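# Working through the structure, step by step
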Amino acid sequence: MVGAASAASANLPCVVGEPLAPPNVGFGPDPSSGRLESTPWKLRGLELAPLDALLTLAGLTESHDIRLGDDWRYWSRAAQLALELLGRERFMPALSITGDAPRAYWRIITSERHDAERLGALALAMPPACRALANPPPESRALLLGAIDAMVDAAARMWAPDVGPHNMNGNSSAGQRWFGALLEQQDNVFPAEPIEVVQLAQGLSTWTKPLMPPPEAPFRTCFRLEAPPEGAPENTPWRLEFTLQASDDPSLIIPAQQVWRGSGAEVGFLARRFERPQERLLEDLGRAGKIFPPIQRGLMSAAPEAVELATPEAYKFLREAMPLLEEAGYGVMIPPWWRKGHTRLGVKVTMKEAEGWQPGKMGQQALIDYDWHLALGDETLTREDFERLVKMKMPLLKLRGKWVELDPDSIEDALKFFEQQRTGSMNMLEAVKLASNPTGSAGGLPIVAVQAEGKMGEFLGNFGPGDWLAGQTAPVTFEGKLRPYQERGYAWLASMKQWGLGACLADDMGLGKTIQVLALLLKSKAEAEETHGVRSRSNAKGQPPPWLLICPTSLVGNWRREAEKFAPNLKVLIHHGAGRTKGETFANAVMGYDLVITTYTLLFRDEVHLSGVKWTGSIFDEAQNIKNAGSKQAQAARRVPADWRVALTGTPVENHLADLWSILETLNPGYLGTQSTFRTQFAVPIERFKDENAGNTLRMVVKPFILRRLKTDPTIIQDLPEKNEQKVYCPLTKEQASLYQAVVGEMVGKVDASAGIARKGLVLASLTKLKQVVDHPALFLGDKKGELTGRSGKLTRLTEMLEECFEVGDRALVFTQYAEMGHLLVTHLSKTFDREIPFLHGGVSASAREKMVRDFQDRPDAAPVLILSLKAGGVGLNLTRANHVFHFDRWWNPAVENQATDRAFRIGQTRNVMVHKFVCLGTLEEKIDQMLEEKKALSSLVVGEGEGWLTELSTDQLRDILALRDEAIAVD
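Residues numbered from 1 in each chain as written. Predicted model: local features only at pLDDT ≥ 70, side-chain atom pairs only at ≥ 80, totals over all residues. Heavy atoms only, no water.

## Quick notes on the packing of helix α22 (residues 632–639) against helix α23 (residues 657–667)
The cut-off we apply is this: Only the stretch in contact is used when a helix axis is fitted, and all axes are lines through C-alpha atoms; the angle between N-to-C directions ranges over 0 to 180 degrees. Comment: elements are numbered from the N terminus, with helices defined as DSSP H or I runs of at least four residues and strands as E runs of at least two. With respect to orientation, any angle under 35 degrees is reported as roughly parallel, any angle over 145 as roughly antiparallel, any angle of 65 to 115 as roughly perpendicular, and every other angle as oblique. Left-handed describes a crossing in which the near helix is turned anticlockwise from the far one by less than a right angle; the clockwise case is right-handed. In what follows, a contact means two residues having at least one pair of non-hydrogen atoms within 4.5 Å. Here the nonpolar group is Ala, Val, Leu, Ile, Met, Phe, Trp, Tyr, Cys and Pro; Asp, Glu, Lys and Arg are the charged ones; every other residue, Gly included, is treated as polar.
Between α22 and α23, the least distance of the axes is 8 Å, while the angle of their chain directions is 25°. Taken together, the axes of α22 and α23 lie roughly parallel to each other. Where α22 crosses over α23, the handedness of that crossing is left-handed. Two secondary-structure elements touch here, α22 through Ala-634, Ala-637 and Arg-638 and α23 through Ser-662, Glu-665 and Thr-666. In terms of residue class, the contact of α22 with α23 is built from two nonpolar, two polar and two charged.

Here is the structure:
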């Protein structure tokens, strides 16, 4: 913040001689402790130039260390509005003739209803403190407009393009001197004689009057354009009617005819009283006539009600005058077909599946026949139709009962269009991409519509989980019952497989992606048996190859158990462990099975064997494992051949949009273009600049391939209880604080002297040490046998909260990212509660893991708490017996934490789930937690994975994040 030291006098509300602080600040006298009086105080501070004030106020944010008063918050909102108006170019040059010399300045334009309403609401909300520096206090609206104008004026001068030297001498006209003063950085005063100033002010008023907001009134002038009635002759004129429209209720319209029938002083309608309506209407019509001259013809009447327009004039009104009138504050009502945007010349494409298509035989490269047509609005034109319309030489004309626009600039492109080849074929992916986002052009003309016919039309009309999927139940061999949304998911997968398009089932954790896929596998098995006869391992000849399922190692057992439970008819082979089949016999060994389950680690390691089979389909469970397109796992996933591919993930975008590109590139190669093209077209505009248009386009493009349902959506599932999240703020002990400061001091000194990879490694190592310190000193010191009680604020609070849980019969999960911390928790909690506490981590065998989960879920006498390492226990487990989830230390990626939470918050849960996230006060945990809350975007978080993004911060930023604040240390 740059500014000169300054002092000012202000009248502040005081109690017992002390100024009353804003309620959110948390200090100052109690308002009820005495009489409230206005007392003058001398204040010291910084006096900011308008541009510095704009940039400072617009960027203000609150944090744990910074609390803003009501006046700071207010002026911050005003500065943000000023920046928005600058960005939308809602400002204009102006002239002030108060004082000794004329002054040129820039002022905002508030003629648009939305802007005027926002300014009015902001003026009404001004806190008294904002007016305390003047005596008497100024009117709030004038003060607000003056401040915004001053900031906009300074920014416009600073950011205006350089147009060369400004002619300010006496030989130039007053207008030239005024224009030069508008661009001066410092002085906006210019020399002019009084008569010159008057003439300049009159000319400027005439020029800017259409942009000025009309005087505040309960109504505004509104224009209603009526097309000629149906069946009228071609030369029938259009009618532009003059009306009054209520400001607070746009549906209340009073025709000009009724205005002129009134007394002249006021007009009443539906208990409304509009004062001076006739004068206001005439004044507004005069101003509007300068924007659209045909309105002036209506003023030739003593009581103007409307004006008739020839069709070219009506077209000019729609194309040019309408937006200008709306910008100037008038209401405009036009025929609805114009705003729909389907009235212009363009091309539309019809497409259908190529001859010979069979269900289940379509692939991504299957050909789709297409035919381009010239279209005007919704109507297809032959060349004869088009040439006939051109001869009419009318930009707005009626075609088959509908008004459409024939833009003269498009006529030449349309004539060329008829000379080009308009039929051909495209592949299935190209057809889906065009249908999902029909933008772009063909032959210089915009694409206005895509129409699909036959089976292709049936498919393209059913993007998303629509009602067409209802009633498609699982195969009879499925041992269980699918919920309605699961039936829709299963049917959607079956439809995508039929068309050969890779699909991403992105249901929330706990919604049952596994059983939807098992139902699909049973359907595939039934179809294969109908085609080839019943399959047996001894007679696999002629049978289609099995499905390949790739999942994390921790989920292999889960898939096997779920298959045994819901799809016992499936023959399942686990390709894992030292005794797994390899080499030339692998391809023959898997035949006769319906499903082969392997892991992401083996996907790369055994790629040569897995690639020897062209699988019926490949399934990628927890598909975030292939989100990094350059990883060996993702590359192997794209290379292993399969007739069809499906990805299962609760987080299709975990950190960056590049995650989404990698998953869809695996499912449908080439659909989203190259990685660099995707980054330029979507990732950078959306992640960096929050481009809504790019976001909407991407959403439409990927919509056909992603089915996303949330467990919090009541239309999906009605019997899931609530999830309540809370931060548990813990203090440090003195031992922790001492260790923390020592690590920070050592780190900052070394970081200043390092660079590049060495610096990043040092930062990450130091962050790990600090996270260990705030967990427990024994974790940082490696003291496995020392005393644990009383040394960690987190451990003390966890023990207290678990005692409360167990007293009422609740069960809990405790997640930590450090295996060593898990063992320390086991030692402490087992001793505290006098019973053995289980710990599920990466070193637990598959059988022990399954027993641990089964005991926790089913045994009433099992320990009421289960400790889990975040990586080993964060996915793939059903632990609905727990209704409390504790995140003992924070994984700095909310998507990962949410996955872990969903071990308890999933189908089968009957109680509300309480999620407790531990944060140590005054430490890096609290600071980074605040940063993450501010950076949430996409479907989770647009920052780097884990702590990697922190290594890019400057030393000053790191020092600010890591600095130990006063509230960190507990009082012994």
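## With respect to the sheet that holds strand β28 (residues 723–730)
Under the convention used in this document: Pairing between two strands requires that DSSP report at least two bridges joining them.
Taken together, six strands build an open sheet; the order of strands is β28-β33-β32-β29-β31-β30 and the sheet is parallel. Each of the sheet's edge strands pairs with one partner strand only, and the pair in question is β28 and β30 (839–840). Relative to strand β32 (residues 884–887), strand β29 (residues 812–816) is paired through four bridges, and the arrangement is parallel. Bridge pairing links Leu-813 to Val-885 in β32. Packed onto the sheet, helix α33 (residues 894–901) meets β28, β29, β32 and β33 (913–920) and runs at close to 145° relative to β32.

## Describing the pattern of salt bridges
We apply this condition: Throughout this description, the term salt bridge denotes a Lys or Arg side-chain nitrogen within 4 Å of a carboxyl oxygen of Asp or Glu. Three labels apply to residues, based on accessible area from a 1.4 Å probe with only protein chains included: buried if under 20% of the type maximum, exposed if over 50%, partly exposed otherwise in between.
Enumeration according to the criterion identifies 35 salt bridges in this entry. Across the pair Arg-224 and Glu-226 runs a salt bridge whose closest N-O atoms are separated by 3.9 Å. Owing to a relative accessible area of 35%, Glu-226 belongs among the partly exposed residues under this scheme. Asp-775 is paired through a salt bridge with Lys-794; the nearest N and O atoms lie 3.0 Å apart. Of the two residues, Asp-775 sits in helix α27 (residues 756–775) while Lys-794 sits in helix α29 (residues 793–807), which places them 19 residues apart along the sequence.

## Describing the confidence of the model for the protein chain
Let me state the cut-off plainly: pLDDT gives the predictor's per-residue confidence on a scale running from 0 to 100.
For the protein chain, the average pLDDT comes to 81, and 85% of its residues sit at 70 or higher. Scored below 50 in pLDDT, residues 464–468 shows six contacts in the model against residues more than four places distant or in partner chains. Predicted confidence for residues 937–946 stays below pLDDT 50, and this span has 37 contacts to residues more than four positions away or in other chains.

## Details of the nonpolar core
The line we're drawing: Among the buried residues, those of types Ala, Val, Leu, Ile, Met, Phe, Trp, Tyr and Cys that are joined through side-chain atoms within 4.5 Å form a nonpolar core.
With 106 residues, the main nonpolar core has Leu-374 and Trp-615 as its most contacted residues. The dominant element in this core, judged by the number of residues it contributes, is helix α17 (residues 513–532), at seven residues. The contact partners of Leu-374, leaving out residues within four places of it in the chain, are Leu-345, Gly-346, Val-347, Glu-379, Thr-380, Leu-381, Phe-386, Ala-414, Phe-417, Phe-418 and Leu-445. Judged by nonpolar contacts, the second largest core, of 49 residues, contains Leu-770, Met-801, Tyr-818 and Val-826.

## A look at the sheet that holds strand β24 (residues 595–599)
One open sheet holds the seven strands; their spatial order is β23-β24-β22-β25-β26-β21-β27, and the pairing between them is parallel. Two strands close off the open sheet at either side, each with one partner strand: β23 (572–574) and β27 (706–707). Taken together, the four bridges between strand β22 (residues 547–551) and strand β25 (residues 617–621) define a ladder with parallel strand orientation. Bridge pairing links Leu-548 to Ser-618 in β25.

## A closer look at helix α8 (residues 277–291)
Given 3.6 residues per helical turn, the α-helix brings residues three or four places apart onto the same face. The condition is simple: One fewer than the residue count of a helix, multiplied by 1.5 Å, yields its expected span.
Counted at 1.5 Å a residue, the expected span for α8 with its 15 residues is 21 Å, and the 21 Å between its end C-alpha atoms agrees. All of the buried residues along α8 are Pro-277, Gln-278, Arg-280, Leu-281, Asp-284, Leu-285, Arg-287, Ala-288, Gly-289 and Ile-291.

## Details of the packing of helix α2 (residues 70–87) against helix α4 (residues 140–159)
Direction vectors running N to C along α2 and α4 enclose 45°, while the axes themselves pass 10 Å from each other. In terms of their interaxial angle, α2 and α4 are classed as oblique. Along this stretch, α2 crosses α4, giving a crossing that reads as right-handed. Of the residues in α4, those in contact with Tyr-74, Trp-75, Ala-78, Ala-79, Leu-81, Ala-82, Leu-83 and Leu-86 of α2 are Leu-143, Leu-144, Ala-147, Ile-148, Met-151, Val-152, Ala-155, Ala-156 and Trp-159. Partitioned by chemical class, the residues of the contact of α2 with α4 number 17 nonpolar, no polar and no charged.

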